[in-house]
Amino acid sequence: MYNILFTGVYQVFDDYIFSYFSKAFNASSIICTGSNVEDFQLKNHVHVIPNAPLNKNKNEYILFLNELIEKHNIDLIVPMVDSEVLFLSKNRNQFKCEVFSADFQIVDDCLDKVKCHEILGDLSPEYYKISDPETLKNILNNHPDKKFVIRPYGNITGSGKGMRILSKNGASNINKILSSSGTREMSFNEYVENYEAIYNTKECPNLKLILTDYLPGQEYSCYLTSSNGKLIDLCINKKLELESGTTNTARAEVIFNSKIEEVISRISEKLNLHYISNIQLKEDENGDFKLVEVNPRIAGSIMLPIKAGYGFFKQSYDILNGKDIAKEREIKKTLRMIRIYNEVFK
């Protein structure tokens, strides 16, 4: 029996995640902190903690969590967003319960996109670390006919926040470079001008950017369980379209691809992934699969593979408890998911 605390629920996670995770871990109670969580209380008998402090104040947040752990006899903390995974994995020795994440070094290697690309080598697209407007301007001027993807990393978080597609004559984007809404495209000149305007300002004193080659092919979202780098199970989702203004999948379907499985297995081994992860891949101009990003946590759209019969939550329970890991599931079946407010499966 587990008492489970989900932290950092800052987007809508529907009934499925709580109920399926609860069943896999034989949970006696679930507590949830974050925002957009009040609706779950009546539907799922989830105890919601309102007005929870943020993890930006380390001592205050550790004290808050330890009080919850003691009061509610918490056995397991499950972080649901990147900032929570980073904080809890780094400070896991401060808590008298298990933290559902890989070790901090692994998490940091995944979320620091430059480190991640360095580790993965030929599995990553060509990339450049951008530390000032002049560096960016020179790279763009030297490759006038190329298309790039640029995004912030480090302390800028959010679903696709700040991700832009750059080309010589890209579309105009009045939402500027750190917005997560509006068109993704920007011209070289417009982006550089916006970057110069906020570079080393009070609001963005250490804005880190990574510039990568634009990958023109199909995108895939891969959900997996691993144990100390060894791939246990994998579900590959073919992205059919994206929600407007985000990188989240609006429509996707489960597919099977042995080449993608080989790539994911190599990534899992190189990064030493543990528990549940989500890996985004895209095809380059040669049709090879290259990394977009790694999320070393439960992804909000994990309910597509869960509903398709993948036992990621039960496998995670087995990994956590040192048991033989089962790959029990129903016959592999093709399933599509449409994300409106809650997921619709068919």
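Position numbers for residues count from 1 along each chain, tracking the sequence in the order it is written. Given that this is a predicted model, residues contribute local features only at a pLDDT of at least 70 and side-chain atom pairs are listed and counted only at 80 or more, while totals for whole chains, interfaces and linings are drawn from all residues. Hydrogens and waters are ignored; side-chain quantities use all the structure's heavy atoms.

## A look at the side chain of Thr 225
1) Next: A helix here means a DSSP run of H or I that spans at least four residues, while a strand means a run of E at least two residues long, and both kinds are numbered starting from the N terminus. With respect to the helices, strands and loops of the structure, Thr 225 is situated in strand β11 (residues 219-227).
2) Next: Looking at Thr 225, the relative accessible area reads 0%, which means it is buried.
3) Next: Not counting residues within four places of it along the chain, the set of residues in contact with Thr 225 comprises Lys 230, Leu 231, Ile 232, Asp 233, Tyr 275, Ile 276, Phe 312, Gln 315 and Ser 316. When a residue's accessible area, from a 1.4 Å probe over protein chains only, is under 20% of the maximum for its type it is buried; when over 50% it is exposed; and in between it is partly exposed. By definition in these notes, contact holds between two residues if any of their heavy atoms fall within 4.5 Å.

## Structural notes on the packing of aromatic side chains
1) Next: Each aromatic pair joins two rings of Phe, Tyr and Trp (for Trp, the six-membered one) with centres within 6.5 Å, and gets the label stacked for planes under 30 degrees apart, edge-to-face for over 60, and tilted for any other angle. The final tally for this structure, using the stated rule, is 16 aromatic pairs.
2) Next: Plain terms: the ring middles of Tyr 61 and Phe 64 are 6.1 Å apart, the flat faces sit at 25 degrees to each other, and that makes the pair stacked. Placement of the pair is Tyr 61 and Phe 64 together in helix α3 (residues 58-72), with a separation of three residues, close to one helical turn.
3) Next: Exposure remark for Tyr 61: the relative accessible area of 2% places this residue in the buried category.
4) Next: Residue Phe 64 is classed as buried on the basis of its relative accessible area of 14%.
5) Next: Between the aromatic rings of Phe 100 and Tyr 275, the centroid separation amounts to 4.7 Å while the plane-to-plane angle is 20 degrees, which identifies the pairing as stacked.

## Observations concerning the environment of Ile 267
1) Next: Within the element layout of this structure, Ile 267 appears in helix α9 (residues 258-271).
2) Next: For Ile 267 and Cys 116, which are 151 residues apart along the polypeptide, the C-alpha to C-alpha distance reads 9.7 Å.
3) Next: Apart from the residues lying within four places of it in its own chain, the contact partners of Ile 267 are Leu 120, Leu 123, Ile 279, Leu 281, Leu 291 and Val 294.

## A look at helix α6 (residues 113-120)
Residues lying three or four places apart along an α-helix face the same way, a consequence of the helix completing one turn every 3.6 residues.
1) Next: Every buried residue of α6 is accounted for by Lys 113, Val 114, Cys 116, His 117 and Leu 120. The arc enclosing the buried residues of α6, seen along the axis, measures out at 160 degrees, which places them on a common side.
2) Next: Elements that come into contact with the buried residues of α6 comprise α5 (104-111), β6 (127-130), β7 (148-153), β10 (208-213), α9 and β15 (289-295). To be clear, the arc concerns the directions from the helix axis to the C-beta atoms.

## A short note on the confidence of the model for the protein chain
Note that predicted coordinates carrying low pLDDT should not be read in detail.
1) Next: Per-residue confidence for the protein chain gives a mean pLDDT of 85, with 82% of residues at or over 70.
2) Next: The predictor's confidence in any single residue is recorded as pLDDT, a number from 0 to 100. The least confident element of the protein chain, judged by mean pLDDT, is helix α2 (residues 39-44) at 52; the most confident is α9 at 98.

## Comments concerning the nonpolar core
A general trend in soluble globular proteins is that nonpolar side chains are found buried together.
1) Next: By size, the foremost hydrophobic cluster in this structure holds 35 residues, and its most contacted members are Ile 4, Phe 6, Phe 21, Phe 25 and Ile 302.
2) Next: Of all the elements in the fold, those that place two or more residues in this core are β1 (2-9), α1 (15-24), β2 (27-34), β4 (76-79), β13 (249-255), β14 (275-283), α10 (303-307) and α11 (312-320).
3) Next: No other element matches the five residues that α11 contributes to this core.
4) Next: The residues contacting Phe 25, other than those within four sequence positions of it, are Met 1, Tyr 2, Ile 4, Leu 76, Phe 100, Phe 313, Ser 316, Tyr 317 and Leu 320.
5) Next: In these notes, a set of buried Ala, Val, Leu, Ile, Met, Phe, Trp, Tyr and Cys residues joined through side-chain atoms within 4.5 Å is what counts as a nonpolar core. Residues Leu 111, Phe 289, Leu 291 and Val 294 belong to the second largest nonpolar core, which totals 27 residues.

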